[in-house]
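One-letter residues, chain by chain:
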Amino acid sequence: MKNLLFVLLLSPLFLFTSCEEDSDDEFTTVAVPITQSIADFRASVEIQAPREIKESGKIYAWQNYIFVNDKNEGVHIINNTDPFNPVKVQFLKIPRNTDVAIRNNMLYANNGMDLVVFDLSDMNAIKEAGRVKDIFPNYYRNPPPGQVSFVDFENFDHNTEVIIGYITESRKIEYARGDLVNEPFFSEADGGGSGTGGSMARFTINEELLYIAEESELSVVDISNPSNPVELSSEYAGWNIETIFHYQDHLYLGSATGMYIYNLENPESPQQVSFLQHVLGCDPVVVKDNYAYVTIRGGNNCGQNFNQLDVVDVSDKNNPRIVNSYEMNNPFGLGVKDDWLFVCDGDEGLKIFDTKNTPDLSLVDQFTNINTYDVIPLDDKLLMIGDNTLSQYSYKGNEVNLISTFSLN
C-alpha cells in the first residue's frame, strides 16, 4: 500500500511509506478519503430552510440575529428579536465552515480553502456576494477521531479534489515508525457595523480589515470592497494558533503554548510585541483594561491534563505576566463585561467571577446541569452555546438570570 500518512504524537509531519506484505504484518485502521471535485464543492454553498443542528460550534451576534456554527456544515441563523422566543429562520450551507464575522451587512465565512462573502442586506434574500479562492492552506477534513493510525492518500489529487469525509478500513501494515496515536492532524481552519464573536473565534474585524488566526499564520484581509476581498498578508505567527481577540489597539492570539500580543499601530501590518508562555493546552483569551483572562484546557488534543484559568497583567504589552491562576475542570470559552468574568467550564457549567479585585477573583454564581462551550457578553444580555443549545441570560443589578434556553435540534 502506497502513500499512507502516519499520525504521529504531537507532530504535524506527513510521512509516507511504501509497504509490502511479510510475516510481520499487523492489522491497523486506515482512513480512506471521500472526495468531491473542487468545482462541485464550491457550487454546493446554498441558502436553505432551517434544519436541525448536528454539532454546535462557535457563536456570533449581529443586530437582532445570532449565528451558530454547525461544525463543518454551515451556519444557523436565529432571529433573536424576542430573546424569550428565538426563532431559526435560515441555514447557510457552507461545507467545511467553522468561523464567521460580519461588517456592514456582509458576512465572511471560511468555506474549506476559500473565504466566502454573503450579503445580508435583505435577510429574506441572502446571497453569495464574493469569494477569495485558496486563502486557507490547511483546510483538510480530519479523519474520525480516536480510530485512525494511517490515512491513505494514494488516490487523492489535492489540485482537483476536496476531502469531504472518510471511510475506515482494517488493513495490514508492514511497520509503524514513531508513536502512532489516534489524533487529528489537520487544522480546523474555535445593518452597518460589525458583530460580536466569542472567545473561540479565529476571525475578528477592525474597521475595514479582517484578521484571521490560522494554525500557524496571522492573515490580514482588506474588506473595503466586500465583493472583492484582498488578502494583504499572511505571516507566520507561531505553532498551533487557536483563537484571536481584538481589544483597543492590540490583537491577542491564543495558542497551545501561550499568548501572543500584536500591536496595530499599522493595522495592515500587525507586529508581534511579546509572547507569554504557559503550560501546554488549548487557550482562548479575552481582555479588559490591564488584564487578560486565559483558560487552559488539557486532555485530548490539547496536551497535558492541566485545566486552569490564568489572570495575566498586560499593562506592559512588552512584558505580560501571569499574576494569578485558578483551577478549573474542563474550561472552554470565556467573556468579560463590567465586573463579571464568565467562564464556560465544560460539564461543570457556567461560572461567574467578580473581577473588581483582579487579579484576585471570587466565584459569585454558577449555572450547573449544562455543558458549556462559549459565551458572548452583550450590552443587555449574555449569550451562551453548548450541547446544541442556546442559552440567554439577563444582567439585573448584581445578578445574572436565565432568560431562555433554545434547543437547536
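The rules behind the values
- Residues numbered from 1 in each chain as written.
- Predicted model: local features only at pLDDT ≥ 70, side-chain atom pairs only at ≥ 80, totals over all residues.
- Heavy atoms only, no water.
- Helix = DSSP H or I, 4+ residues; strand = E, 2+ residues; numbered from the N terminus.
- Buried < 20%, exposed > 50% of the residue type's maximum accessible area, 1.4 Å probe, protein only.
- Pairing = 2+ DSSP bridges.
- Axes fitted to C-alpha atoms, helices over the stretch in contact; angles between N-to-C directions.
- Lys, Arg positive; Asp, Glu negative; His and termini not counted.
- Salt bridge = Lys/Arg side-chain N within 4 Å of Asp/Glu carboxyl O.
- Polar contact = N/O pair within 3.5 Å; in protein donor to acceptor, adjacent residues only side chain to side chain.
- Phe/Tyr/Trp six-rings, centres within 6.5 Å; stacked < 30°, edge-to-face > 60°.
- Core = buried A, V, L, I, M, F, W, Y, C linked by side-chain atoms within 4.5 Å.
- Patch = residues over 30% accessible without salt bridge, like charges linked within 9 Å, V, L, I, M, F, W, Y side chains within 5 Å.
- Areas by Shrake-Rupley, 256 points an atom, 1.4 Å probe, with all protein chains shown as cover.

**Student:** Break down the overall build of the chain for me, with residues and values.
**Tutor:** Regarding its fold elements, the chain presents one helix and 34 strands. Evaluated residue by residue, the chain yields a buried proportion of 56% over its 409 residues.

**Student:** Describe the sheet that holds strand 18 (residues 230-236), and please don't skip the residues or the numbers.
**Tutor:** Two modes of strand pairing occur in sheets, parallel and antiparallel, and in both the strands are linked by backbone hydrogen bonds. Across the sheet, which stays open at both edges, the four strands sit in the order 15-16-17-18 with antiparallel pairing between neighbours. In this open sheet, the two strands that pair with only one neighbour each are strand 15 (203-206) and strand 18. This sheet shows a mean twist of 20° between the axes of neighbouring strands, independent of strand direction. Pairing analysis gives six bridges linking strand 17 (residues 217-222) to strand 18, with the strands arranged antiparallel.

**Student:** I'd like a description of the sheet that holds strand 25 (residues 308-313), backed by residues and values.
**Tutor:** Spatial strand order, 23-24-25-26: four strands in an open sheet with antiparallel pairing. Looking at which strands have only one partner, the edges of the open sheet turn out to be strand 23 (285-288) and strand 26 (321-327). Strand-to-strand, the axes of this sheet are offset by a mean angle of 20°, without reference to chain direction. Two strands pair when backbone bridges link them, and strand 23 and strand 24 (residues 291-296) are joined in this way by four bridges, in the antiparallel orientation. Residue pairing for strand 24: V287 is matched across the bridge by A292.

**Student:** Residues and numbers for the environment of E26, please.
**Tutor:** Looking at the element boundaries, E26 is found in strand 2 (residues 26-37). Expressed as a C-alpha distance, the spacing of E26 and S170, which sit 144 residues apart in the sequence, is 9.8 Å.

**Student:** Summarise the side chain of R202; cite the residues concerned and give the values.
**Tutor:** Looking at the element boundaries, R202 is found in the loop between strand 14 (196-197) and strand 15. Despite its burial, R202 pairs with no opposite charge, the nearest such side chain being D99 at 4.9 Å. Here the side chain of R202 touches I241 through a polar contact of 2.9 Å, landing on its backbone oxygen.

**Student:** Report on the packing of aromatic side chains, specifying residues and quantitative values.
**Tutor:** A full pass over the atoms with the stated rule returns 11 aromatic pairs. Here the aromatic rings of W62 and F67 are separated by 6.4 Å at their centres, their planes lie at 55°, and the arrangement is tilted. Across this residue pair, the class does not change: W62 and F67 are buried. Three or more aromatic residues joined by ring pairs form one cluster here, namely W62, Y65 and F67.

**Student:** Go over the pairing of strand 19 (residues 241-247), please, and point to the residues and values.
**Tutor:** Strand 19 sits mainly inside the fold: six of its seven residues count as buried. Note that strand 19 and strand 20 (residues 250-255) share six bridges and pair antiparallel. Looking across to strand 20, one finds that F245 is bridged to Y252.

**Student:** Provide a residue-level description of the nonpolar core, including the pertinent values.
**Tutor:** The nonpolar side chains of a soluble globular protein tend to be buried with one another. Counting residues in each nonpolar core, the largest one holds 32 residues, and the members touching the most others are F67, L107, L115, F118, L120 and L210. Contributing elements (two or more residues each) for this core: strand 4 (56-62), strand 5 (65-70), strand 6 (74-79), strand 8 (100-103), strand 9 (106-111), strand 10 (114-119), strand 15 and strand 16 (209-213). Formed by 25 residues, the second largest nonpolar core is a distinct cluster that contains V294, V311, Y326 and L341.

**Student:** A description of a nonpolar patch on the surface should follow, citing residues and the corresponding values.
**Tutor:** On the surface, a cluster of nonpolar side chains totalling about 210 Å² of accessible area is made up of I34, I164 and I167. Mapped onto the secondary structure, I164 falls in strand 13 (residues 161-173). For I164, a relative accessible area of 32% translates into the label partly exposed.

**Student:** Outline the environment of N155, listing residues and values.
**Tutor:** Examined against the element boundaries, N155 turns out to sit in the loop between strand 12 (150-152) and strand 13. Along the primary structure N155 and T35 are separated by 120 residues, whereas in three dimensions their C-alpha atoms are 9.6 Å apart.

**Student:** Requested: an account of unusual backbone geometry, with residues and values cited.
**Tutor:** The peptide bond linking T358 to P359 adopts the cis configuration, its omega dihedral lying at 20°. Take P359: it is sitting in the loop between strand 29 (350-354) and strand 30 (362-367). For Q248, which is not glycine, the phi torsion reads 55° and is therefore positive. Looking at where Q248 falls in the secondary structure, it is placed in the loop between strand 19 and strand 20.

**Student:** Describe the pairing of strand 21 (residues 258-263), with residues and values.
**Tutor:** The two faces of a sheet get side chains in turn, since along a regular strand they alternate between them. In terms of burial, strand 21 is largely enclosed, as six of its six residues are buried. Across five bridges, the pairing between strand 20 and strand 21 is antiparallel. Within strand 21, the residue paired with L253 across the bridge is Y260. Between strand 20 and strand 21, which pair antiparallel one after the other, the connecting turn spans two residues. Across six bridges, the pairing between strand 21 and strand 22 (residues 271-277) is antiparallel. The partner of I261 across the bridge, within strand 22, is S274.

Geometry only, nothing functional implied.
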